[in-house]
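One-letter residues, chain by chain:
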Amino acid sequence: MSNKSSIGLFLVYLFLMTGCKNSSTEKEPLDRKDGFTETLQTKEDSLFKEIMEGHDYGMARMGKISKYRSQLKKKLDSINLLQIPKIGLQYHKSLIELQKKLDNAEYAMNVWMEEFKVDSAKENKDARLKYLEEEKHKVQLVKEAILRSLQSADSILKRD
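Residues numbered from 1 in each chain as written. Predicted model: local features only at pLDDT ≥ 70, side-chain atom pairs only at ≥ 80, totals over all residues. Heavy atoms only, no water.

Moving on to the nonpolar core. With 29 residues, the main nonpolar core has Ile-146 and Leu-157 as its most contacted residues. The set of elements that each furnish at least two residues to this core consists of helix H2 (43-81), helix H4 (89-115) and helix H5 (125-157). Discounting residues that sit within four places of it in the chain, Ile-146 has contacts with Tyr-57, Gly-58, Arg-61, Met-62, Ile-65, Ala-105 and Met-109. (Core = buried A, V, L, I, M, F, W, Y, C linked by side-chain atoms within 4.5 Å. Buried < 20%, exposed > 50% of the residue type's maximum accessible area, 1.4 Å probe, protein only. Helix = DSSP H or I, 4+ residues; strand = E, 2+ residues; numbered from the N terminus. Contact = heavy atoms within 4.5 Å.)

Here it is as structure tokens:
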């Protein structure tokens, strides 16, 4: 077989493979990325995008939560070395409550991320939409827990 025929066969093969590939992807939007399309063509796309926005919101604040938890640990360690009446029992209680809020917010985010299944029920549209609706609700609760814990931390720790 000559070089020209080999190249010709290769080009025909490449053309056929590319043609087959394009016909199979016509069912899926061409701009699909990270589970949804940029142009949000379906309810699934919209739900998934909202879930990922909730995830991104939470992740963007994990560093701040960690910083506050560290700051809080130092304060509580210092207070525990002193006699509580001198520091103020109410202030000590507010620090303990804040520690719980920050811990719970971080825990909620981590648990949600571990349990979220990106491709859950992809073969069943109704089940998929139901799953995404539930996950949207869950991530919204996580987002609210993070926001409340950070607001409390800002209020309590920034005044010191």
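Using the criterion set out here, one finds three aromatic pairs in the structure. Taking 5.0 Å as the distance between ring centres and 20 degrees as the angle between the ring planes, the aromatic pair formed by Trp-112 and Phe-116 counts as stacked. In this structure Trp-112 comes out as buried when scored by relative accessible area, which is 5%. According to the relative accessible area criterion, Phe-116 is buried, its value standing at 10%. Grouped by ring-pair contacts, the aromatic residues Phe-48, Trp-112, Phe-116 and Tyr-131 constitute a single cluster. Residue placement shows Lys-67 over the ring face of Tyr-68; its charged tip is 5.4 Å from the ring centre. (Phe/Tyr/Trp six-rings, centres within 6.5 Å; stacked < 30°, edge-to-face > 60°. Lys NZ or Arg CZ within 6 Å of the ring centre and 35° of its normal.)

It is worth spelling out unusual backbone geometry at this point. Leaving glycine aside, a negative phi is the common case for residues, and trans is the common case for peptide bonds. Although it is not a glycine, Ala-121 sits at a positive phi angle of roughly 60 degrees. With respect to the helices, strands and loops of the structure, Ala-121 is situated in the loop between H4 and H5. We classify Ala-121 as partly exposed; its relative accessible area is 29%.

Tallying each qualifying case throughout the model produces nine salt bridges. Here Asp-103 and Arg-69 are joined by a salt bridge, their closest N and O atoms 2.6 Å apart. With Asp-103 in helix H4 and Arg-69 in helix H2, the pair connects residues that are 34 residues apart, well separated along the chain. Here Glu-134 and Lys-130 are joined by a salt bridge, their closest N and O atoms 3.5 Å apart. Within this pair, Glu-134 and its partner Lys-130 are both found in helix H5, separated by four residues, close to a single helical turn. Judged by relative accessible area, Glu-134 falls into the partly exposed class, the value being 36%. Classification of Lys-130 by relative accessible area gives exposed; the value is 53%. Salt bridges linked by common partners bring Arg-69, Asp-103 and Glu-106 together as one network. (Salt bridge = Lys/Arg side-chain N within 4 Å of Asp/Glu carboxyl O.)

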